Amino acid sequence: MLVLTGAGISAESGVATFRGPDGLWEGHRVEDVATPEAYDRDPALVHAFYDARRAKLETVAPNPAHAALARLEREWSGEFLLVTQNVDDLHERAGSQKLIHMHGELASGWCLACDSRFTWVGAMGEGARCPSCAATGKVRPDIVWFGEMPYAMDRIEDALARCTLFASIGTSGAVYPAAGFVQTARYVGAHCVELNLEPSQGSIFFHETRLGRASEIIPAWVDEILAQFVQSSPMSL
């Protein structure tokens, strides 16, 4: 099983979605805060933006959808991988462990001087010091920006090629390569289900679509999946 999550699952916890209806990301153009060029042009603005988002994490908590996916991981005996486009840490705080942050993490820094990545708490700013090589002014948010390659794609593609169930939760279906995962999963024969507040741009590729608030439909779906698993397990006979 491979589960993909996007901004919709964390929105109910108070984490802003990637883009609002006006095309802005928390009041900023994406081009001003989420590209390597933006960082080179105005690192102070980019750092201030991510420092504010990192601070916001201290005021939010996982919701029932995060908890339900952590339960699914614990109780599902087959292969399981949770891939998230989110850069928050709500999945971890809910108990998820088999997890890939394909777009990086707010709670991580990346030193451009020594190429090391490390946990980061609090403000980073332009003068941040690398805990590995002690370089200052070379630490940037460990976030995958537009024009950069998402993390762990080999591992994700391998899991997609083997999965029999693919679930997409709270995603717009607009950002690649994640938007194309459903087509890969469907090609290899996986059952594909979309759980969203509204149909995604790739809704046509899913076998089924369930609409509603993540905190309501995800726990119900997990209950259903685990009940089916128990009924089909030889141990239940």
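Residues numbered from 1 in each chain as written. Predicted model: local features only at pLDDT ≥ 70, side-chain atom pairs only at ≥ 80, totals over all residues. Heavy atoms only, no water.

Along the protein chain, the regular secondary structure elements total nine helices and eleven strands. Projected onto its principal axes, the C-alpha coordinates of the protein chain cover approximately 60 × 40 × 35 Å. Residues counted as buried form 48% of the 237 residues belonging to the protein chain. Taking contacts inside the protein chain between residues at least 6 apart in sequence as the whole, the part at least 24 apart equals 62%. Carbon and sulfur atoms make up 54% of the accessible area of the protein chain, which totals about 11,400 Å². Computing the positive centroid from 19 side-chain charges and the negative centroid from 30, the protein chain places the two 2 Å apart. (Helix = DSSP H or I, 4+ residues; strand = E, 2+ residues; numbered from the N terminus. Buried < 20%, exposed > 50% of the residue type's maximum accessible area, 1.4 Å probe, protein only. Contact = heavy atoms within 4.5 Å. Areas by Shrake-Rupley, 256 points an atom, 1.4 Å probe, with all protein chains shown as cover. Lys, Arg positive; Asp, Glu negative; His and termini not counted. Charge placed at Lys NZ, Arg CZ, Asp CG, Glu CD.)

A few words now on the UniProt feature "binding site: substrate" (unreviewed entry) in the protein chain. Under the local residue numbering, the UniProt record ascribes the feature "binding site: substrate" (unreviewed entry) to Tyr50 and Arg53. If you trace the backbone, Tyr50 turns up in helix H4 (residues 43-56). Structurally, Arg53 can be placed in helix H4. Judged by relative accessible area, which is 9%, Arg53 ranks as buried. (UniProt positions renumbered as here; feature names shortened; annotations may be inferred.)

For the rest of this paragraph, the subject is the state of the cysteines. If you walk through the whole model with that rule in mind, you get zero disulfides. Between Cys111, a cysteine without a disulfide, and Cys130, which holds the nearest cysteine sulfur, the sulfur-to-sulfur distance is 3.6 Å. (Disulfide = S-S within 2.5 Å.)

Strand order in the open sheet formed by three strands is E7-E6-E8, with antiparallel pairing between adjacent strands. Of all the strands in the sheet, just strand E7 (117-119) and strand E8 (139-143) have a single pairing partner and so form its edges. If you compare each strand with its neighbour and ignore which way they point, the axes differ by 45° on average. Pairing of strand E6 (residues 104-111) with E7 involves three bridges; the strand directions are antiparallel. Residue Ser108 lies in a different strand from E7, and its bridge partner there is Thr119. On top of the sheet, H4 reaches E6 and E8; it is set at about 55° to E8, its chief contact. (Pairing = 2+ DSSP bridges. Axes fitted to C-alpha atoms, helices over the stretch in contact; angles between N-to-C directions.)

Attention now goes to the pattern of salt bridges. Tallying each qualifying case throughout the model produces 14 salt bridges. Between Arg162 and Asp158 there is a salt bridge; the shortest N-O distance is 2.1 Å. Of this pair, Arg162 and Asp158 both sit in helix H7 (residues 153-162), four residues apart, which is roughly one turn of that helix. Residue class for Asp158 comes out partly exposed when judged on its relative accessible area of 42%. As a salt-bridge pair, Arg210 and Glu208 come within 3.0 Å of each other at their nearest N and O atoms. (Salt bridge = Lys/Arg side-chain N within 4 Å of Asp/Glu carboxyl O.)

Further remarks concern the environment of Leu81. When you line up the elements, Leu81 lands in strand E4 (residues 81-84). A relative accessible area of 6% means that Leu81 is categorised as buried. When the C-alpha positions of Leu81 and Ala159 are compared, they lie 7.4 Å apart, and in sequence the two are 78 residues distant.

Now for the environment of Phe166. Within the element layout of this structure, Phe166 appears in strand E9 (residues 165-169). A sequence separation of 79 residues divides Phe166 from Val87, and the C-alpha atoms of the two residues are 21 Å apart. When neighbours within four sequence positions are excluded, Phe166 is seen to be in contact with Leu2, Leu4, Leu160, Phe181, Val182, Ala185, Ala190, His191, Cys192, Val193 and Phe206.

For His47, the position within the fold is in helix H4. With a relative accessible area of 2%, His47 lands in the buried category. Setting aside chain neighbours within four positions, we find His47 in contact with Tyr39, Met124, Gly125, Glu126, Val139, Arg140 and Pro141.

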